[in-house]
Amino acid sequence: MVITGSFEMTLATPNDLISARGPAGSGTTQQVVIRNTGTAPLTNVKLTATTPTKWKVAFDQETVPVIQPDGEATVTATITPSGEAITGDYKVTIKAEAPGENGAAATSADLAMTFTVETSPIWLLAGFGLIVAIIGALFYVFRTYGRR
């Protein structure tokens, strides 16, 4: 008789906040906590991510060797939005999978996050500058060519 235990895990963030924000084209780090909620050790837990087109997610360690029962491992993910991404909210899903026997997955978990792409405040200032220039030009035109 061989007793192996049950394989279960969860994914979360350290503060249970499932959103992140950052500028387009540069990386933002997000910690991910993998918890073994089963009764058997998880071995070779592999991390992957599903992202919008041209985005990248890099993990400081793509495979966690062992997570003991009631244990956890923290991995840092660097999420890099495409440089062409416009301001808004995007879905990024991080998935962890522990292999079982015969190539089947013993268990898996995923974490659906909302990533908010922010624009640089430089564009806000440029917009205000453009509005002021247009108002100044209109003032000049009406002052110069207005009724006499």
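You'll find the structure just up there.
Let me sum up the structure you'll find in this document. (Residues numbered from 1 in each chain as written. Predicted model: local features only at pLDDT ≥ 70, side-chain atom pairs only at ≥ 80, totals over all residues. Heavy atoms only, no water.)

## Points about a nonpolar patch on the surface
On the surface, Leu124, Phe128, Ile131 and Ile135 cluster together to form a nonpolar patch covering roughly 420 Å² of accessible area. Structurally, the position occupied by phenylalanine 128 is in helix α1 (residues 121–145). (Patch = residues over 30% accessible without salt bridge, like charges linked within 9 Å, V, L, I, M, F, W, Y side chains within 5 Å. Areas by Shrake-Rupley, 256 points an atom, 1.4 Å probe, with all protein chains shown as cover. Salt bridge = Lys/Arg side-chain N within 4 Å of Asp/Glu carboxyl O. Helix = DSSP H or I, 4+ residues; strand = E, 2+ residues; numbered from the N terminus.)

## Brief notes about the nonpolar core
Membership of the largest hydrophobic core comes to 26 residues, with the highest contact counts inside it found for Met9, Leu11, Ile34, Val45 and Ile94. Where this core is concerned, the elements lending two or more residues are β1 (9–12), β3 (28–36), β4 (42–50), β6 (63–67), β7 (72–80), β8 (88–99) and β9 (105–118). Not counting residues up to four positions away in its chain, the partners in contact with methionine 9 are Ile34, Arg35, Asn36, Thr37, Leu42, Val45, Ala96, Glu97, Ala98, Thr107, Ser108 and Ala109. (Core = buried A, V, L, I, M, F, W, Y, C linked by side-chain atoms within 4.5 Å. Buried < 20%, exposed > 50% of the residue type's maximum accessible area, 1.4 Å probe, protein only. Contact = heavy atoms within 4.5 Å.)

## Points about the sheet that holds strand β2 (residues 19–23)
The five strands lie next to each other as β2-β9-β8-β4-β6, forming an open sheet whose pairing is mixed. Two strands bound the open sheet, and with one partner strand each, they are β2 and β6. Each adjacent strand pair in this sheet contributes to an overall mean axis angle of 30°, direction not counted. Pairing geometry for β2 and β9, over five bridges, is parallel. (Pairing = 2+ DSSP bridges. Axes fitted to C-alpha atoms, helices over the stretch in contact; angles between N-to-C directions.)

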